[in-house]
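Per-entry structural report
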Amino acid sequence: MNKNELKDKAKQFGADLIGVASAEAFDGVAPENHPLSIFPECKSVIVVGRRILRGSLRGIEEGTNFGSTYGFFGFRMLEDNFLSKTTYDLTCWIEEQCSEAVPLFGYNPDGMPKGVKVSDDKPEPNVILDFDVACQAAGLAEIGLGGFLITPEFGTRQRFAAILTDMELEPDQVRDRSICGDCEMCFAACPLGAYNPEKRIKKGVKGHECEVAEIDYSICEKCQNGAVKMPGRGTGVDRIAAACGRACVAQLEQAEKCSNKFKNKFRKRKPWALDLLSQPVESGSIDIGCDKVSNLK
């Protein structure tokens, strides 16, 4: 089996995005986030993605519908049902080719429960794959300044899963940053000041790291502007539909950085915002996807 055959099959199973990374691309990644900790014979890491519907963000953008649309079709059902079915079907097909395959969810490791080491030379279970490295190494996504995984197809609007396999496949080219314009619109959109623009950290594949602004996730946990936490997913905060994430969607579309295009622009009205006391935030003006929209202070 070659990589093109694999990609064709993945798309038949519903994948919107499919890429391949080598296990060597995880050089320098900690054992608790490394594919070889889970499957020592792994040769290739297959990354599968399915889009977050732009329409699943509409209710949050308008401030009128949160969980029943984005929570299901943008997050939980998308990840746990639609994407997992695609990943399961592709894993079954790989095993029919007589190769072992290990499917993995794209979970954030923050706050996920840990067990007891079975031996001193192994990390604590459960090992959770570093998806920043996986998606970049598989040629699918870059890591934006605001910490989002960004693809040329959908911008920030996708979720990922992975399959570890002992099949040796030709890896895709590592994606360097070319989509994120370091515009800092995500900083301006955050009504709680969770970003520290003065401090940057590096994330991603060794030798291809991307600069990312420092984020205080303890503030994101309190955000009522579209940030989401789901049961069973630790303390990680999903920010794709939050004020910062939606500002990124608006900016990427305005800059025509996404191949998935629409007749009408995403941001049609001034964005709303709430502070930590659930009070509407006074706004100035800054261009983040429509003519004059809020500079959330």
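Presented here is a report on the structure given in the accompanying data block. Each chain has its residues counted from 1, following the order in which its sequence is written. Side-chain atom pairs in this predicted model are given and counted only at pLDDT of 80 or more, local residue features only at pLDDT of at least 70, and totals for whole chains, interfaces and linings cover all residues. Side-chain measures here rest on the full set of heavy atoms in the structure, leaving out hydrogens and waters.

Quick notes on the overall build of the protein chain
Secondary structure follows DSSP: runs of H or I at least 4 residues long count as helices, runs of E at least 2 residues long count as strands, and numbering of each begins at the N terminus. The helix and strand inventory of the protein chain stands at eight helices and eight strands. Computation of the radius of gyration draws on C-alpha atoms alone. For the globule rule, the value is 2.2 Å times the number of residues to the power 0.38. Computed over C-alpha atoms, the radius of gyration of the protein chain comes to 19 Å, within 12% of the 19 Å expected from 2.2 N^0.38 for 297 residues, which places it in the range of a compact globule. Residues classed as buried in the protein chain amount to 50% of the 297 residues present. Whether two residues touch is decided by their heavy atoms; if any such pair falls within 4.5 Å, the residues are in contact. Restricting to contacts in the protein chain with at least 6 residues of sequence separation, those with at least 24 account for 70%. Entry remark: accessible area of the protein chain is about 13900 Å², with carbon and sulfur atoms responsible for 49%. Lys and Arg are tallied as positive, Asp and Glu as negative. Neither His nor the chain termini are counted. Charged groups are reduced to one reference atom each: NZ for lysine, CZ for arginine, CG for aspartic acid, CD for glutamic acid. Within the protein chain, the 43 negative side-chain charges are centred at a point lying 8 Å from the centre of the 38 positive side-chain charges. Each residue is assigned to one of three classes by its accessible area relative to the maximum for its type, calculated with a 1.4 Å probe on protein chains only: buried under 20%, partly exposed between the two thresholds, exposed over 50%. The protein chains shown are the only cover counted for residues, whose accessible areas, like all others here, come from Shrake-Rupley with a 1.4 Å probe.

Things to note about the pairing of strand S6 (residues 158-165)
Burial of S6 is extensive: eight of the eight residues sit out of reach of the surface. Side chains Gln158, Phe160, Ala162 and Leu164 of S6 all project onto a buried face; the interleaved residues Arg159, Ala161, Ile163 and Thr165 project onto the opposite face, where all are buried too. Here, strands pair whenever DSSP counts at least two bridges between them. Where strand S2 (residues 44-51) meets S6, eight bridges bridge the pair, whose relative direction is antiparallel. Opposite Val45, over in S6, you have Leu164 as the bridge partner.

Concerning helix H1 (residues 3-12)
Here H1 has its buried residues at Lys3, Leu6, Lys7 and Ala10. Down the axis of H1, the smallest arc covering the buried residues is 95°, so these residues share one side. Turned more than 90 degrees off the buried face of H1, the exposed positions are Asn4 and Gln12. Looking at the buried positions of H1, the neighbouring elements they touch are strand S1 (17-22), S2 and helix H4 (67-96). For the purposes of these results, a polar contact is taken to be a pair of N or O atoms within 3.5 Å, where, inside protein, one atom must be able to donate a hydrogen and its partner to accept one; residues adjacent in sequence count only when each atom of the pair is a side-chain atom. Where H1 begins, one side-chain oxygen reaches toward the backbone nitrogen of Asn4, 3.1 Å away; that side chain belongs to Asn2. Looking one or two residues past H1, Gly14 carries a phi angle of roughly 105°, positive in sign. Throughout, the arc means that of the directions going from the helix axis to the C-beta atoms.

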